[in-house]
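# Structure assessment
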Amino acid sequence: MTSREEILAKVKTNQPGPRPLPADLSTVPGGMDSLTQFKTVLTTIGGAVVEVTNFEEIAQYIQQEFKDKKRLISTLPELTSVTESGWENKDPHSYEDVDLAIIKAHFGVAENAALWITEDLMHQRAVPFICQQLAVVVNKADIVATMHDAYSKIGDAEYGFGSFIAGPSKTADIEQSLVLGAHGPKSMTVFLLG
Amino acid sequence: MSTGAKDHAQLSDIFNKDEARVDWHDETLWFVRAKRDKAAHSLPEWETLRETASQIKDNVLSNLHEYLLQFEANAEKNGIKVHWAANGEEHNKIVHSILKENGVNRIVKSKSMLTEECHLNDYLHKNDIEVIDTDLGERIVQLAEEPPSHIVLPCIHKKKEEIGELFHKHLGTLEGASDPVYLTAAARDHLREKFITRKAAITGVNFAVAETGEFVVCTNEGNADMGAHLADVHIACMGIEKLLPLRKHLSVFLRILTRSATGQPITTYSSHFKKPRPGQTMHIVLVDNGRTTQLGRKDFRNSLKCIRCAACMNTCPVYRRSGGHSYHTAIAGPIGSILAPNLDMKNYADLPFASTLCGSCSNVCPVKINIHEQLYKWRQVIVKEGYADPKKALAMKAMDFTLSNPTIYKFAGKAGRFVLKHAPFTVNNKLNLWYKHREMPEPPKQSFGEWYKQNNKND
């Protein structure tokens with residue numbers, strides 16, 4: 001008998017009688033306004049909120065705030081004027097010196113300021129993790145209240161890889177002192193568009 | 001972890017020698033527990049979430065056979081290679097063979113308590129494969145040649161000055177430097193080089209979804225993602241109990257996991273791996289290592305619902321004051337004490353006794369495992385099976401004899417009161433374990449029985 005057969009046989013013998021799945025949960029109404037909550041939580045976890053009405057404002061902000069940065073890349077065609085061209089389709093290791101990556105999120109979640117980003121929006125999976133600083137654009141209208149709403153939105157969408165990203169990379173492993181920028185981005189700017 | 005023949009009490013004695021450090025350890029973990037409370041209380045639906053999570057896990061355990069088959073089929077359809085390991089040794093061999101096939105002898109690994117349980121690092125080291133733990137806390141204990149002392153906060157027992165010394169020795173930071181920002185920046189540089197150069201990455205798995213064949217890995221540092229997305233080979237190791245039936249169930253678990261662990265609303269990264277990226281190979285190793293046996297133990301199978309948040313450790317008055325290493329097992333604290341005896345009842349017979357049975361662990365558990373009741377039940381099993389500490393077993397027998405015989409009981413009470421009054425030195429000494437850290441009580445003049453008899457007569 002292979003280990004697979006052995007494990008499955010033992011599970012079958014030892015698993016208890018049927019237990020039903022509970023009812024699905026949904027967002028409890030009456031909480032804070034989602035956009036306000038998103039902004040509050042993101043700031044608390046070390047992210048920065050920038051409210052904009054169009055992509056020109058984002059381009060302007062980037063030129064102003066990141067003018068001393070050498071390598072800026074983006075997956076957004078609207079930002080080609082302020083970012084590197086032809087960076088795509090390279091070995092992911094080569095993005096190690098990217099100072100700022102600007103990508104788009106499908107939506108954000110108010111209760112934890114997490115942004116849902118799938119592989120197609122990253123261009124390459126390594127991008128939002130390997131860059132020194134990360135900026136994400138999300139429509140104000142696409143902020144949902146809780147993770148229950150988030151998974152309703154995801155539904156049975158097809159992706160190879162997707163991640164909820166909430167704030168900059170961080171650690172508190174040394175005496176519980178919070179330090180931003182463990183392995184991934186040292187900062188996270190969220191452009192709330194609309 | 002090998003600790004010779006020392007049990008929890010003896011190992012706690014070592015930790016308790018430095019009283020100031022015990023206080024610091026206690027306060028630090030209580031601080032984390034308080035953050036958990038704040039996060040939990042901020043959600044009016046918290047108890048509904050706990051109940052729902054608990055019921056989903058009950059369903060998983062009752063239908064595990066089907067879910068495993070479904071997960072395997074879907075993961076393979078997604079292009080992931082699925083392996084099955086009956087025990088830790090087979091798990092280690094599978095990982096080693098994948099690395100050998102790919103000609104890899106240096107790897108990065110993000111946090112996985114399962115690989116700690118299986119002693120993977122030791123095994124690979126013996127086979128000339130270098131493993132770099134990339135979670136900062138795990139890297140620190142790895143440099144110190146120690147096991148993690150906590151499943152979420154691996155080096156919670158270490159002071160920043162000690163970490164500074166370690167980094168000075170191994171990473172060349174300035175002598176005497178202990179600023180966490182400075183030390184973290186040094187670790188970032190040190191580990192970036194590893195991420196960039198290693199061809200294979202191992203990660204753990206927080207949740208795996210039967211419906212879709214995907215698995216989710218949660219980190220704050222981003223180390224699992226840095227490892228996996230830069231490596232040609234990604235190996236994810238998971239216990240068979242990590243499954244969830246449907247993708248939407250992740251919403252419940254991602255809401256409770258980090259709130260229970262550190263009080264954060266969610267980890268920075270909750271990454272869903274469904275398919276390997278083009279050119280990459282992805283493996284999942286499904287590990288039993290005693291889990292199917294635990295599944296068959298009616299009183300203890302609930303322990304398999306654990307999502308490894310460590311809330312039970314942070315709240316435990318014994319864990320906070322004895323330190324993770326005193327549990328001499330990969331998973332310390334209350335949950336570790338009900339998991340370990342399943343693997344080796346003799347070696348871990350001491351652990352279910354390392355508790356006051358106060359029940360705080362069960363109260364904070366996000367999936368409602370009845371931890372303290374299981375601790376109590378394990379004690380009974382261990383005594384029945386003859387694995388109890390012989391001193392304890394003898395004392396229990398003496399108590400049984402005394403308490404079931406009224407004449408002896410009355411005499412023993414009298415003798416005790418006499419000794420406490422007239423010869424206190426016979427009990428106020430090191431041979432009496434109760435005297436340690438305590439003053440013996442003032443002896444009462446008479447027992448309740450004597451008092452009752454006297455007062456009843458007067459009526």
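Residues numbered from 1 in each chain as written. Chains lettered and ligands numbered in written order. Predicted model: local features only at pLDDT ≥ 70, side-chain atom pairs only at ≥ 80, totals over all residues.

Quick look at the overall build of chain A now. Scanning chain A from N- to C-terminus turns up six helices and eleven strands. Per-residue burial over chain A gives 45% buried out of 194 residues. (Helix = DSSP H or I, 4+ residues; strand = E, 2+ residues; numbered from the N terminus. Buried ≥ 20, exposed ≤ 12 C-beta atoms within 10 Å, placed from the backbone.)

The helix and strand inventory of chain B stands at 21 helices and ten strands. Its C-alpha atoms give chain B a radius of gyration of 25 Å, within 12% of the compact-globule value 23 Å for 459 residues. Expressed as lengths along the three principal axes of its C-alpha atoms, the size of chain B is roughly 90 × 55 × 45 Å. Taken across its 459 residues, chain B has 49% of its residues classed as buried. (Rg over C-alpha atoms; globule rule 2.2 N^0.38 Å.)

Residues and elements named next belong to chain B. Orientation of helix H16 (residues 333–343) relative to helix H18 (residues 371–384), taken along the N-to-C sense of each, is 35 degrees, at an axis distance of 9 Å. Regarding H16 and H18, the two cross each other, and that crossing is left-handed. From H16, Pro334, Ile335, Ser337, Ile338 and Pro341 reach across to H18, where they touch Ile371, Gln374, Leu375, Trp378 and Ile382. Grouping the amino acids of the contact of H16 with H18 by side-chain chemistry returns eight nonpolar, two polar and no charged. (Axes fitted to C-alpha atoms, helices over the stretch in contact; angles between N-to-C directions. Left-handed = near helix turned anticlockwise from the far one by under 90°. Contact = placed C-beta atoms within 7 Å. Nonpolar A, V, L, I, M, F, W, Y, C, P; charged D, E, K, R; others polar.)

Within soluble globular proteins, side chains that are nonpolar tend to cluster in buried spots. By size, the foremost hydrophobic cluster in this structure holds 175 residues, and its most contacted members are Phe215, Met238, Phe253 and Cys312 of chain B. Ranked by the residues each element gives to this core, the list is headed by helix H12 (residues 250–261) of chain B, at seven residues. (Core = buried A, V, L, I, M, F, W, Y, C linked by C-beta atoms within 7 Å.)

Along strand S8 (residues 161–165) of chain A, five of the five residues are buried, which leaves the element largely enclosed by surrounding structure. Residues Phe161, Ser163 and Ile165 of chain A of S8 of chain A are buried on one face, and the alternating residues Gly162 and Phe164 of chain A, pointing to the opposite face, are buried as well. Pairing geometry for strand S5 (residues 114–118) of chain A and S8 of chain A, over four bridges, is antiparallel. Within S8 of chain A, the position partnered with Trp116 of chain A by the bridge is Phe164 of chain A. The pairing of S8 of chain A with strand S9 (residues 269–273) of chain B spans five bridges and is classified as antiparallel. Bridge pairing in S9 of chain B links Ile165 of chain A to Tyr269 of chain B. (Pairing = 2+ DSSP bridges.)

Looking now at the interface of chain A and chain B. Across the boundary between the two partners, chain A contributes 57 residues, which contact 68 residues of chain B. With nine residues, the top contributor of residues to the side of chain A that touches chain B is helix H1 (residues 3–14) of chain A. Its residues assigned to classes, the side of chain A that touches chain B comprises 27 nonpolar, 18 polar and twelve charged.

For chain B, per-residue confidence averages 94 on the pLDDT scale, and 99% of positions sit at 70 or higher. At the level of chain-chain contacts, confidence expressed as ipTM amounts to 0.98, with global pTM at 0.94. (pLDDT = per-residue confidence, 0-100.)

Time to look at the sheet that holds strand S2 (residues 106–109) of chain B. Residues and elements named next belong to chain B. Overall, parallel pairing links the six strands, which are arranged S1-S10-S7-S4-S2-S3 in an open sheet. The open sheet is flanked by strand S1 (81–85) and strand S3 (130–133), the only strands paired with a single partner. Between one strand axis and the next, the sheet turns through 25 degrees on average, direction left out of account. Examined bridge by bridge, S1 and strand S10 (residues 281–287) share five bridges and lie parallel to one another.

A few words on the environment of Lys67 of chain A. Mapped onto the elements, Lys67 of chain A comes out in the loop between helix H3 (55–65) and strand S2 (72–74). Once the C-alpha coordinates of Lys67 of chain A and Gln132 of chain A are considered, the two residues, 65 residues apart in sequence, prove to be 15 Å apart.

Moving on, we come to the sheet that holds strand S11 (residues 187–193) of chain A. Residues and elements named next belong to chain A. Across the sheet, which stays open at both edges, the five strands sit in the order S1-S11-S6-S3-S2 with parallel pairing between neighbours. This sheet does not close on itself; its edge strands, each paired only once, are strand S1 (48–52) and S2. The sheet shows a mean angle of 20 degrees between the axes of neighbouring strands, direction not considered. Against the sheet, H3 touches S1, S2, strand S3 (100–104), strand S6 (133–139) and S11, its axis set at about 135 degrees to S1.

Position of Ala186 of chain B relative to the elements: it lies in helix H10 (residues 180–197). When near neighbours in sequence (up to four residues on either side) are disregarded, Ala186 of chain B contacts Phe167, Leu171 and Thr173 of chain B.

Let us look at the packing of helix H19 (residues 390–403) of chain B against helix H20 (residues 406–422) of chain B. Residue and element names in this part refer to chain B. Packing of H19 against H20 brings their axes to within 6 Å, and their N-to-C directions diverge by 110 degrees. Here H19 is positioned roughly perpendicular relative to H20, judged by the angle of their axes. In contact with Phe401, Thr402 and Leu403 of H19, H20 contributes Ile408, Tyr409 and Ala412. Tallied by class, residues from the contact of H19 with H20 come to five nonpolar, one polar and no charged. (Parallel < 35°, antiparallel > 145°, perpendicular 65-115°, else oblique.)

Let us now look at unusual backbone geometry. As a rule of thumb, non-glycine residues mostly have phi less than zero, and peptide bonds are mostly trans rather than cis. Residues and elements named next belong to chain B. The residue Arg308 is not glycine, and still its phi comes out positive at about 60 degrees. Along the chain, Arg308 turns up in the loop between helix H13 (291–296) and helix H14 (311–315). Its identity as a non-glycine residue notwithstanding, Ala310 has a phi of 75 degrees, on the positive side. Summarising the element assignment, Ala310 is placed in the loop between H13 and H14.

Attention now moves to H3 of chain A. All names here are of chain A. Listed as buried for H3 are Ile58, Ala59 and Ile62. For H3, the arc enclosing every buried residue in end-on projection is 100 degrees, short of the 170-degree limit, so these residues lie on one face. For H3, the exposed residues lying more than 90 degrees away from the buried face are Glu56 and Gln64. Elements that come into contact with the buried residues of H3 comprise S1, S2, S3, S6 and S11. (Arc of directions from axis to C-beta.)

This next bit is on helix H8 (residues 136–143) of chain B. A large share of H8 of chain B lies buried, amounting to seven of its eight residues. Those residues of H8 of chain B that fall on the buried side of the exposure criterion are Leu136, Gly137, Glu138, Arg139, Ile140, Val141 and Gln142 of chain B. Elements that come into contact with the buried residues of H8 of chain B comprise strand S9 (170–171) of chain A together with S3, helix H9 (160–171) and H10 of chain B. Remark: Glu145 of chain B follows H8 of chain B within two positions and exhibits a positive phi of approximately 55 degrees.

For the rest of this paragraph, the subject is the environment of Thr173 of chain B. All names here are of chain B. Checked against the element boundaries, Thr173 lands in the loop between H9 and H10. For the pair formed by Thr173 and Ala187, sequence separation is 14 residues and the distance between their alpha carbons is 9.6 Å. Contacts of Thr173, omitting those with residues within four sequence positions, involve Gly164, Phe167, His168, Leu183 and Ala186.

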